[in-house]
Each structure stands twice: as C-alpha cells, then as structure tokens.
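Structure assessment
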Amino acid sequence: MADGRGGVGQAYDVVAELYAELFTGELAGREDELTLIGELVAAPAVVGGGLPVGDLGCGPGEATALLSGLGVRAFGLDLSAGMLAQARLARPGEAFVRGTLLALPLAGGSLGAVLARYSLIHLKPGQLPLAIAELRRVVAPGGRLLTGFFAADTEHPVPFDHRVATAYRWPVDALAGLFRDAGFGEIARTVREPGEGERFRQAALLLGDAR
C-alpha cells in the first residue's frame, strides 16, 4: 500500500506475510479489472512511447508481475517495507522501490501508465488532491491511469474499519471529479456488487491524459 502516513506503512509491515499469502491469485479472477488493465497498457505513451507502467501501491507485487507479463516495462512502488520484502521474495525478477503517493520519487512525465489499485483508500480526503496531482505530474502526455477503490452511495467519502488501517469509501462521481479537476479525462468506469467475503461495492476508474 502507498500512503503518506508512516503509521499505515507500519501497519502493513506487521501483516505483510499474511496479506501476501491470503491474496495470492486474487487478481486472476477479476475479469472486469483484467479487461481494464488491458486497456491501461494500451495507452499511446506505453505502446508508442515505450514508457514504463508504475504499479503504485503494489503491495506484494502480484499486479506488477501481471503487467510485466503483458509485455510492458513495469515496476512496483509501495510505502511498506514489509510488503516490498514479500514482493521481492516472490518475484525476484521484478523491480520494486519504496515511496509515497504524496511525494513520488519519479520524474515528471516519466510513466506511460499508472495502476493505483486500492492504493488511494487510506489517504484522508484532504490528502487526495495532492496525491492525484502527483499522479498527474508523473503521467506523460498520452498516458493513462487505472484506480480501484471501495464505492460509497453517499455524497461524501465515508471512513470504515479496514482490517489493516482506517480507509475510505468514495462516491464514484466525486472521485472522478477530483481526477477531472487535476487534468484527467474519464475513459471508462466499472462498479460491481460485493462478492463473497466482501462488505462493499467495488469500483474502478480508467482515466486518460486530458491535456
């Protein structure tokens, strides 16, 4: 998970090994997300420009490896040292770096695409515009961004007792609006009902460079 608060990173350090064990293979069954990931890596800045794809908030690195398997240059970034240790252990052929979404250790316009899968959920609502501005800074013209999150049926984000650290569910339109304000254009969205063992609806936004 990537977040600007050290407490969140430390919380994931504690559960990193268990988390990696429990969620191994979880993405393989998400056909809706896999379709969007396919569209993500088709970004002109990736296909034509050859720029890498950043899995920002990579956790144990499963999505990072998936991206590499699609034939693109990919790397993972996470705040949690424990998560990165699990990622490097399980996927020694992939590149992983430590960092926060609030101050990405990346040059402007250096990424052809960003996957931010449930990596924004622990940010307080007041922090989110800064994180989105950072994402906008590193995404090159012709780039794309895909984010997954927990959806809310309210007008404002709703905190909830995530098993690791407090997280927020977001109204899909409200979150899309924050990205739009930062210079992203919406390409697609998905919203699905909770599956087995899930408490909330799950949503995803695929966005593109609107400059």
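Residues numbered from 1 in each chain as written. Predicted model: local features only at pLDDT ≥ 70, side-chain atom pairs only at ≥ 80, totals over all residues. Heavy atoms only, no water.

1. Topic: the overall build of the protein
For the protein, the count of helices and strands is 7 helices and 9 strands. Against the 2.2 N^0.38 benchmark of 17 Å for 211 residues, the protein shows a C-alpha radius of gyration of 16 Å, consistent with a compact globule. Taking contacts inside the protein between residues at least 6 apart in sequence as the whole, the part at least 24 apart equals 67%. Of the roughly 9,100 Å² that the protein leaves accessible, carbon and sulfur atoms contribute 55%. Taking the 19 positively charged and 24 negatively charged side chains of the protein as two groups, their mean positions are separated by 5 Å. (Helix = DSSP H or I, 4+ residues; strand = E, 2+ residues; numbered from the N terminus. Rg over C-alpha atoms; globule rule 2.2 N^0.38 Å. Contact = heavy atoms within 4.5 Å. Areas by Shrake-Rupley, 256 points an atom, 1.4 Å probe, with all protein chains shown as cover. Lys, Arg positive; Asp, Glu negative; His and termini not counted. Charge placed at Lys NZ, Arg CZ, Asp CG, Glu CD.)

2. Notes on the packing of helix 6 (residues 128-138) against helix 7 (residues 172-181)
As a packed pair, helix 6 and helix 7 sit with axes 9 Å apart at the nearest point and diverge in direction by 50°. As judged from the angle between their axes, helix 6 and helix 7 are oblique. With respect to the hand of their crossing, helix 6 and helix 7 are arranged in right-handed fashion. Where helix 6 approaches helix 7, its residues Leu128, Ile132 and Leu135 are matched on the opposing element by Leu175, Leu178 and Phe179. Per-class residue counts for the contact of helix 6 with helix 7 are 6 nonpolar, no polar and no charged. (Axes fitted to C-alpha atoms, helices over the stretch in contact; angles between N-to-C directions. Parallel < 35°, antiparallel > 145°, perpendicular 65-115°, else oblique. Left-handed = near helix turned anticlockwise from the far one by under 90°. Nonpolar A, V, L, I, M, F, W, Y, C, P; charged D, E, K, R; others polar.)

3. Here we look at the pattern of salt bridges
The tally for this structure, following the rule as stated, stands at 12 salt bridges. Linking Arg117 and Glu26 is a salt bridge whose minimum nitrogen-to-oxygen distance equals 3.0 Å. Taken as a pair, Arg117 in strand 4 (residues 111-117) and Glu26 in the loop between helix 1 (6-23) and helix 2 (31-40) lie far apart in primary sequence, 91 residues in all. The class of Arg117 is buried, set by a relative accessible area of 17%. Here Glu26 falls in the partly exposed class, since its relative accessible area comes to 25%. A salt bridge links Arg137 to Glu134; its shortest N-O distance comes to 2.8 Å. Remark: Glu134 and Arg137 occur in helix 6; sequence separation between them is 3 residues, near one turn of the helix. (Salt bridge = Lys/Arg side-chain N within 4 Å of Asp/Glu carboxyl O. Buried < 20%, exposed > 50% of the residue type's maximum accessible area, 1.4 Å probe, protein only.)

4. Regarding the pairing of strand 9 (residues 202-209)
Most of strand 9 is tucked away, with 7 of its 8 residues classed as buried. Where strand 5 (residues 139-150) lies against strand 9, 7 bridges are found, and the strand directions are antiparallel. Looking across to strand 9, one finds that Phe149 is bridged to Ala203. Relative to strand 9, strand 8 (residues 184-192) runs antiparallel, the two sharing 8 bridges. Residue Gly185 lies in a different strand from strand 9, and its bridge partner there is Gly208. (Pairing = 2+ DSSP bridges.)

5. Examining the sheet that holds strand 2 (residues 74-78)
Taken together, 7 strands build an open sheet; the order of strands is 3-2-1-4-5-9-8 and the sheet is mixed. In this open sheet, the two edge strands, each paired with only one partner strand, are strand 3 (95-98) and strand 8. If you compare each strand with its neighbour and ignore which way they point, the axes differ by 15° on average. Contacting strand 1 (53-56), strand 2, strand 3 and strand 4, helix 4 (residues 62-69) runs over the sheet at an angle of about 165° to strand 2.

6. Describing empty space enclosed by the protein
For the structure shown, the criterion picks out 3 cavities of 30 Å³ or more. Size it by volume and the largest cavity reaches roughly 60 Å³. Elements with a minimum of two residues in the lining of the largest cavity: helix 2, strand 8 and strand 9. Here the lining of the largest cavity gets 3 residues from one element, more than from any other, and that element is strand 9. Tallied by class, the residues present in the lining of the largest cavity amount to 3 nonpolar, 3 polar and 3 charged. Counted as a void, the second largest cavity has a volume near 40 Å³. The wall of the second largest cavity is formed by Glu33, Ile37, Leu115, Arg117, Leu146, Thr147, Gly148 and Ala204. The set of elements that each furnish at least two residues to the lining of the second largest cavity consists of helix 2, strand 4 and strand 5. (1 Å grid on protein atoms, 1.4 Å probe; cavity = no way out; pocket = protein on both sides within 12 Å on 5 of 7 lines; lining within 4 Å. Points joined across faces, edges and corners; volume = space filled by probe spheres on them.)

Read these as layout, nothing more, since geometry by itself doesn't imply function.
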